Each structure stands twice: as structure tokens, then as C-alpha cells.
Amino acid sequence: MSKGSRIAFFGSSLVSAYWNGAATYYRGIIRALHERGHHVTFYEPDAYERQRHRDMADPDWARVVVYSAQGTEALERCLEEARDADVVVKASGVGVFDALLEARVLELRRPGNQVVFWDVDAPATLERMEKDPGDAFRALVPRYDHILTYGGGEPVVSAYRALGARECVPIYNALEPRTHHPVAAEARFEGDLAFLGNRLPDREARVEAFFLKAAGLLPGSCFLLGGSGWGDRALPENVKYLGHVYTQDHNALNCSARAVLNINRDSMARFGFSPATRVFEAAGAGACIITDAFKGVELFLEPGKEILVAHSGEEVAEHVRALSGPEARRIGQAALQRVLSEHTYAHRASKVEEVLGLPSSGAHERVA
């Protein structure tokens, strides 16, 4: 283990998925890096009630430091501690003092270390900078050793290079087989189509178009809606609102509904090449996934065989209407085998090591 690198990671939260869609992505990547001999300290703010809604204790595969979001004194102590790390990572969307962190982590560069910006929402970051030529982050992009992104493919890579990035590499989200896997179905989650996603401004119109529209077209079918923020939204009578679904219940939801719907946010749909984390989680549970169409889907799962693709709510309804139980299980099993063979966080951690030139302990074989 001593051969691994020391990584200081500033992100939104590792221990709480509450209003924090990046949580499972962080957990999968960081746990896989730990298993390859690296030592990660994750710095997160006590903000947005996430500590009150933890869904896991501090893990044994990362050191978690929670700092106060009231004033910058505690954050400055964390930055000083991170000075000794081999790799310093500032993730996008920490939610507290983001602009300060983006500038201050660059001051931690010294001979022999690397400073990385890890964009977990590159489409939103790039669109923000495009709209505001005076955005302070634009001038900082060329100073980072690496830009890593949650997704986005060539469109995101090209956009970051145009801003002067030295290197931009997508590290796609993936499956953590130990936490997302097939389980027994549960009656409370049984239905014809389930959608899980928080109510966000750049997602709501697409939920209306792809999920609620389909529910309206199939009044005899049962639709399940999970996620925070939908409680005051008028819903069709055949939509059962579940509220916030905690991480430990995701497998049961994915394994109980006949099909699971993925809906990309506006910005991710426009850039493409950005399958949501829940696509891999649902595939890992052997769920039959229906997704709104996005460019690059075939790089991850084969349409018609491992995933069903819809361009509208009408097409979602057509898939649900035509989908038999045996066919749903066949598609789900094909997706499970694909993600296990190509899209686990062990695969992603190997890519991170390759990009950053990190030595592995050798305790686990590298994944091709």
C-alpha cells in the first residue's frame, strides 16, 4: 500500500447522496483507487443538510474530513493539510466556496505533485462559461495539470481544449458491483415503469415529456416516481410518488419494476456521451432500462439488445406497452453482462492511473 499516491479530494459529499447525484460516482472511483493502493482524503462541507441525511458511515477506504460551511477558516486548514498530497483534486459543484477553491488549490502546486479539476457536470460548467466571458474559472482552466470529466465525450474534450486545457479526459461513471446488484423484488416498488431523479430546473421539462406524458398515455399502467422535490407537483392518477429513495433501496426499486427509465438533464442531452450514474446502477441490478435518446449511447449499451431508446414520451409508452416480462429480463441480463465486462469502477480507476501516471500497489491486476 505504501507505493500508492496520496490524493486530496475536495468534493460535495462522499457520505451523503442527499441532493448530491455525484455521491455514487465518487464512492465507486475512490473505493477502486483505494483498492489499487492509493490513499484518499475526501474534504466535504457541512452544507445542504447532507450530514443529517447521511446514507453511510465514514468508510474504511477513504478518510473523510467534514469542514464548516460558515466562514473559510476551517476550509483554509483543510487546504493547508492537502499541501502534502501527491494529487490535489477540486471537483465541480462542491456547493460552498467553489470559486475560492478553484483558485486556491492551484496554489498547492509544488515539484512532484499534480492539481486536477474534476468536472462532474461538464456540460453545465461549459455552458456557464460560454454565457459569461468574465467567468473567473475561464482563466484558471489552462493552469490545471489535468481536466477530468464525468462524461461528455469529444464535444466536452474539444470545448475544454478550446479554453486552453492542457489535457481533458472523460472518466465515465460506472458500476460498483458490490453495492448495485440484483436483489429480490419488493411489492412496494412493483410497477410497469419507474423513474428516479430529483426535481431540477433543467430536468423537469424532460420528465414531463418522457415520463409524465407516457403515464398519461397508459392510464392502465402503474408508474413510480422517486426523488426529492416532486411532492407539490400535479401527477397523473397512475403515478405513485415515492419521495426520496435512499441509496440502500435503489437495488430493490431497480429489480421490482418491469422497466426503469433514464432521463438526462438538458445540458447532458445536448452534449451527449454522458450516461447518468443510474444507468449503470440499474444495469448492475439487471433492470431493463429505457432511456431518452442521447448521442453516444451505443458506446456503453447496445440499443435494442441491452437498452431501449426513446425519442419522446410516445415512444416510451410504446416500449412499455410492448414489453413483456421475459423480454424485460432478457434485456436486463444483457445489460448486466455488458457493464460487468466493460463498465465497472475498477475499469475507471485503471484509466485514472493511466492518465495521471499513478503507480499502483500491484495488489489488484490492472483492468484492460
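Before reading on, note that the structure itself is shown above.
Residues numbered from 1 in each chain as written. Predicted model: local features only at pLDDT ≥ 70, side-chain atom pairs only at ≥ 80, totals over all residues. Heavy atoms only, no water.

## Section: the overall build of the protein chain
- Tallying secondary structure elements over the protein chain gives 13 helices and 13 strands in all.
- Computed over its C-alpha atoms, the radius of gyration of the protein chain comes to 20 Å, within 12% of the 21 Å expected for a compact globule of 368 residues.
- Across its three principal directions, the C-alpha atoms of the protein chain cover 65 × 45 × 40 Å.
- The burial tally for the protein chain puts 59% of its 368 residues in the buried class. (Helix = DSSP H or I, 4+ residues; strand = E, 2+ residues; numbered from the N terminus. Rg over C-alpha atoms; globule rule 2.2 N^0.38 Å. Buried < 20%, exposed > 50% of the residue type's maximum accessible area, 1.4 Å probe, protein only.)

## Quick look at the pattern of salt bridges
- Under the criterion given, the structure shown has 34 salt bridges.
- In this structure, K90 and E102 form a salt bridge, with 3.8 Å as the shortest nitrogen-oxygen distance. In this pair, K90 is assigned in strand 4 (residues 87-91) and E102 in helix 3 (residues 98-104), connecting sequence segments twelve residues apart.
- The exposure class assigned to K90 is buried, which follows from its relative accessible area of 0%.
- In this structure E102 comes out as buried when scored by relative accessible area, which is 8%.
- Of the charged contacts in the structure, one is a salt bridge between R338 and E306, with a shortest N-O distance of 2.9 Å. Linking R338 in helix 12 (residues 325-342) with E306 in the loop between strand 12 (289-292) and strand 13 (308-310), this pair joins segments that are 32 residues apart in sequence. (Salt bridge = Lys/Arg side-chain N within 4 Å of Asp/Glu carboxyl O.)

## So, the sheet that holds strand 1 (residues 6-10)
- Strands sit in the order 3-2-1-4-5-6-7 across an open sheet of seven strands; the sheet is parallel. Every interior strand has two partners, whereas the edge strands, strand 3 (63-68) and strand 7 (168-170), have only one. The average angle at which neighbouring strand axes cross in this sheet is 20°, direction not considered.
- The pairing of strand 1 with strand 4 spans four bridges and is classified as parallel. (Pairing = 2+ DSSP bridges. Axes fitted to C-alpha atoms, helices over the stretch in contact; angles between N-to-C directions.)

## Some thoughts on the environment of F117
- Assignment of secondary structure puts F117 in strand 5 (residues 114-119).
- The exposure class assigned to F117 is buried, which follows from its relative accessible area of 1%.
- Those residues in contact with F117 that sit more than four places away from it in its chain are K90, A91, S92, E102, F137, Y144, H146, I147, L148 and Y160. (Contact = heavy atoms within 4.5 Å.)

## Description of the side chain of R265
- Counting through the fold element by element, R265 comes out in the loop between strand 11 (257-262) and helix 9 (266-271).
- The exposure class of R265 is buried, given its relative accessible area of 13%.
- Within the local environment of R265, its side chain forms a polar contact with the side chain of D121, the two groups lying 2.5 Å apart.
- When near neighbours in sequence (up to four residues on either side) are disregarded, R265 contacts D121, A124, L200, D202, R203 and R206. (Polar contact = N/O pair within 3.5 Å; in protein donor to acceptor, adjacent residues only side chain to side chain.)

## Observations regarding the sheet that holds strand 8 (residues 191-196)
- Reading across the sheet, the six strands line up as 10-9-8-11-12-13 and stay open at both edges, with parallel pairing between neighbours. Looking at strand neighbours, the two that pair on one side only are strand 10 (239-243) and strand 13, the edges of this open sheet. Strand after strand, the sheet turns through a mean of 25° between neighbouring axes, direction not considered.
- For strand 12 and strand 13, the ladder comprises three bridges, and the chain directions are parallel. Across the sheet, the residue bridging to I290 is L308, located in strand 13.
- Packed onto the sheet, helix 10 (residues 277-284) meets strand 8, strand 11 and strand 12 and runs at close to 165° relative to strand 12.

## Observations concerning helix 12
- With 18 residues, helix 12 extends 26 Å from end C-alpha to end C-alpha; this agrees with the ideal 26 Å at 1.5 Å per step.
- All of the buried residues along helix 12 are A328, I331, G332, A334, A335, L336, R338 and V339.
- Capping of helix 12 at its N-terminal end is provided by S324; its side-chain oxygen lies 3.2 Å from the backbone amide nitrogen of E327. (Expected span 1.5 Å × (residues − 1).)

## Structural notes on the packing of helix 7 (residues 204-217) against helix 11 (residues 313-322)
- Taken N-terminus to C-terminus, the directions of helix 7 and helix 11 make an angle of 55°; their axes are 7 Å apart at the nearest point. Taken together, the axis directions place helix 7 and helix 11 in an arrangement best described as oblique. Between helix 7 and helix 11 lies a crossing of right-handed hand. Side by side, helix 7 and helix 11 meet where A209, F210, K213, A214 and L217 of the first sit next to G313, E314, V316, A317 and R321 of the second.
- Classifying every residue of the contact of helix 7 with helix 11 by side-chain character gives six nonpolar, one polar and three charged. (Parallel < 35°, antiparallel > 145°, perpendicular 65-115°, else oblique. Left-handed = near helix turned anticlockwise from the far one by under 90°. Nonpolar A, V, L, I, M, F, W, Y, C, P; charged D, E, K, R; others polar.)

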